Amino acid sequence: MCLSMRNNVYGDYIPIPSTDCMAVSSFWIANPNNNLIDNAAAGAQAVGMWYIFHQVPTGQSEGQYPAGQSELTPLGKFYNNRVHSNFKAGLFIGKGVKTTKASAANPREYLTVDNARFRPHQDADAEKPRVPAVIDGLVAFKNNDHGAWARGGDIVFRNCGFSDNGIGLTLASDGTFPVDEGCSLEVTHSVFVGESDNVGSQGGQNSYWGRGANREYRTLPRNKTFPIRGFQIYDGPVRLTRCTFRKFTPTTDRHSSAIGFFMKNAWQMTPQNNVSLLRMERSVGLQVFFGAPGQWFGDNNNDGDKMSIFHDLDGSVTGYPDTFVGRADNYLIRHPGCLTVPRWNGMICAGKYAQPVFCPDRFPRSEIFACHPWESSSPGFERT
């Protein structure tokens, strides 16, 4: 629709549907200070429940709040909500709305999708302490792309369930590195299921119908080759703790892993990303996957692809406590003591790692900073 209705763009600008205007949702929440309890959202062309942030209030609320307040406002109560059968995501926390008119500098029309990040602070004041946003009891299943996506911080998912989604949950940092010190996201006491006993039904919005890991026909996310991931790590720091994974089984058509990484990633990844106290049931055929060149991963050679990493604090993924899991060809972290895991396209390394960053637009060109350091004290492997 936005390709044909272009009266409000500037000049000859042609909108990009995937980024400018595909934003149909069942719940559109522009003010975080609302309570969502015992609701269900299903079948949206984009998102079931979307927390989206206006730089300034629009419509009936125009002029009532200062610029940027929505991104800083603490979240109301979110409890026991269910999202399923949505195309882009069941729950999405992130993005904003363009609140300026179309111009030569920014030809997109007023109220198109824009960038914003949720950064809740006490009294909506960035100088005061952060107030963690708590997503409690979310159930997300059979969403075509994401069960849930959240960018910002601090945000905590707890007591949640993710099943039969393309990607169960993606957590991404505030994204303004290195000035987001202290920002983090966490998921705890939650369950991730790759393919449940709910096979679904053919037809409707879901055009992907094929064989699951047990060869029984079922609904599939995206298509039969899409790499299914339970928990997807992006940016960071993010924490995954006290969670259970089951039924992530690769097939000849697709990869399916409990833990994965954002694909075609051009951004940085921090070694502060960490996991602990996880339960990988025997039905998990692939605990971790770092991707491989092909249809969905591209050449798998962007900076973020190559530096994907997380810290296994207690060995609940690797069997080796206080170790780091990185991509097999990351020679910045590889040393003779690393253990290669070919099925993961990864390796397990003990050592001390930090995240270096060169910021020529913020600091003198001669300076390189090691930001967000994270150290391990273990000199080598000790199997648990």
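Residues numbered from 1 in each chain as written. Predicted model: local features only at pLDDT ≥ 70, side-chain atom pairs only at ≥ 80, totals over all residues. Heavy atoms only, no water.

Student: Tell me about unusual backbone geometry, and name the residues and values.
Tutor: The step from glycine 153 to aspartate 154 runs through a cis peptide bond, and the omega angle for that step is 0°. Position of aspartate 154 among the secondary structure elements: in the loop between β11 (146-151) and β12 (155-158). In the segment running from glycine 236 into proline 237, the intervening peptide bond is cis, with an omega of 10°. Looking at the secondary structure, you find proline 237 in the loop between β19 (228-233) and β20 (238-241). In this model, aspartate 123 sits at a positive phi of 55°, which is unusual for a non-glycine residue. Position of aspartate 123 among the secondary structure elements: in the loop between β8 (113-114) and β9 (133-136). Positive phi, normally seen in glycine, also occurs at aspartate 235, with a value near 60°. Residue position: aspartate 235 is located in the loop between β19 and β20. (Helix = DSSP H or I, 4+ residues; strand = E, 2+ residues; numbered from the N terminus.)

Student: Explain the environment of asparagine 33 residue by residue, including any values.
Tutor: When you line up the elements, asparagine 33 lands in the loop between β1 (25-29) and β2 (36-37). Assessed through its relative accessible area of 53%, asparagine 33 is described here as exposed. When the C-alpha atoms of asparagine 33 and serine 70 are compared, they prove to be 8.7 Å apart, with 37 residues separating the residues in sequence. (Buried < 20%, exposed > 50% of the residue type's maximum accessible area, 1.4 Å probe, protein only.)

Student: Let's hear about the state of the cysteines: which residues, and what values?
Tutor: Under the counting rule described, the total for this entry stands at 1 disulfide. Covalently, cysteine 338 is tied to cysteine 349 through a disulfide, its sulfur atoms 2.1 Å apart. Taking the sign of the torsion about the S-S bond as the criterion, the disulfide between cysteine 338 and cysteine 349, at about 120°, is right-handed. Of this pair, cysteine 338 sits in the loop between β26 (323-327) and β27 (339-341) while cysteine 349 is found in strand β28 (residues 346-349), placing the two residues 11 residues apart along the sequence. Taken as a pair, cysteine 338 and cysteine 349 share a single burial class, namely buried. Of the cysteine sulfurs around cysteine 160, a residue in no disulfide, the closest is that of cysteine 243, at 8.8 Å. Judged by relative accessible area, which is 4%, cysteine 160 ranks as buried. The exposure class of cysteine 243 is buried, given its relative accessible area of 1%. (Disulfide = S-S within 2.5 Å.)

Student: Lay out the pairing of strand β4 (residues 47-54) with the relevant residues and their values.
Tutor: The side chains of a regular strand alternate between the sheet's two faces. Of all the 8 residues making up β4, 8 are buried; the element is thus mostly covered by neighbouring parts of the structure. Relative to β4, β1 is paired through 4 bridges, and the arrangement is parallel. What sits directly across from phenylalanine 27, in β4, is methionine 49. Alignment of β4 against strand β7 (residues 89-97), held across 6 bridges, turns out to be parallel. What sits directly across from methionine 49, in β7, is leucine 91. (Pairing = 2+ DSSP bridges.)

Student: Give a description of the pattern of salt bridges that names residues and reports values.
Tutor: Any two side chains of opposite charge can pair, on the condition that their charged atoms come close. The full count for this structure, using the stated rule, is 13 salt bridges. For the salt bridge of arginine 158 with aspartate 136, the shortest nitrogen-to-oxygen distance reads 3.3 Å. Taken together, the residues arginine 158 in strand β12 and aspartate 136 in strand β9 connect sequence positions 22 residues apart. When its relative accessible area of 36% is taken as the criterion, arginine 158 is described as partly exposed. Arginine 254 is the salt-bridge partner of glutamate 195, the closest N and O atoms lying 3.0 Å from each other. Of the two residues, glutamate 195 is situated in the loop between β16 (191-193) and β17 (209-211) and arginine 254 in the loop between β21 (244-246) and β22 (256-261); the sequence distance between them amounts to 59 residues. Per residue, the accessibility class of glutamate 195 equals that of arginine 254, and both read buried. A single salt-bridge network, built from bridges that share partners, covers Arg246, Arg279 and Glu281. (Salt bridge = Lys/Arg side-chain N within 4 Å of Asp/Glu carboxyl O.)

Student: Account for the confidence of the model for the protein, naming residues and giving values.
Tutor: Across the protein, the average pLDDT comes to 87, with 89% of residues at or above 70. Taken together, the stretch residues 368-379 has pLDDT below 50 and engages in 44 contacts with residues farther than four places along the chain or on a different chain. (pLDDT = per-residue confidence, 0-100. Contact = heavy atoms within 4.5 Å.)

Student: Tell me about the pairing of β26, residues and numbers included.
Tutor: Here β26 lies mainly inside the structure; 5 of its 5 residues are buried. As paired strands, strand β25 (residues 309-312) and β26 are joined by 4 bridges and run antiparallel to one another. Within β26, the residue paired with histidine 311 across the bridge is phenylalanine 324. Pairing geometry for β26 and β28, over 4 bridges, is antiparallel. Bridge pairing in β28 links glycine 326 to methionine 347.

Student: Kindly report on the side chain of asparagine 165, identifying the contributing residues and their values.
Tutor: Structurally, asparagine 165 can be placed in the loop between β13 (161-163) and β14 (167-172). Polar side-chain contacts of asparagine 165 include one of 3.0 Å to the backbone nitrogen of asparagine 143. Apart from the residues within four sequence positions on either side, asparagine 165 is in contact with Ala140, Phe141, Lys142, Asn143, Asp145, His146, Gly147, Pro221 and Ile228. (Polar contact = N/O pair within 3.5 Å; in protein donor to acceptor, adjacent residues only side chain to side chain.)

Student: How would you summarise the sheet that holds strand β6 (residues 82-84) if you had to cite specific residues and measurements?
Tutor: Neighbouring strands of a sheet are bound in pairs by backbone hydrogen bonds; such pairs are parallel or else antiparallel. Pairing is parallel in the open sheet, where 7 strands are placed in the order β3-β6-β10-β13-β16-β21-β24. The open sheet has two edge strands with one neighbour each: β3 (40-42) and β24 (279-280). As paired elements, β13 and β16 share 3 bridges and run parallel to each other. Each residue of the ladder has a partner; that of serine 163, found in β16, is valine 193.

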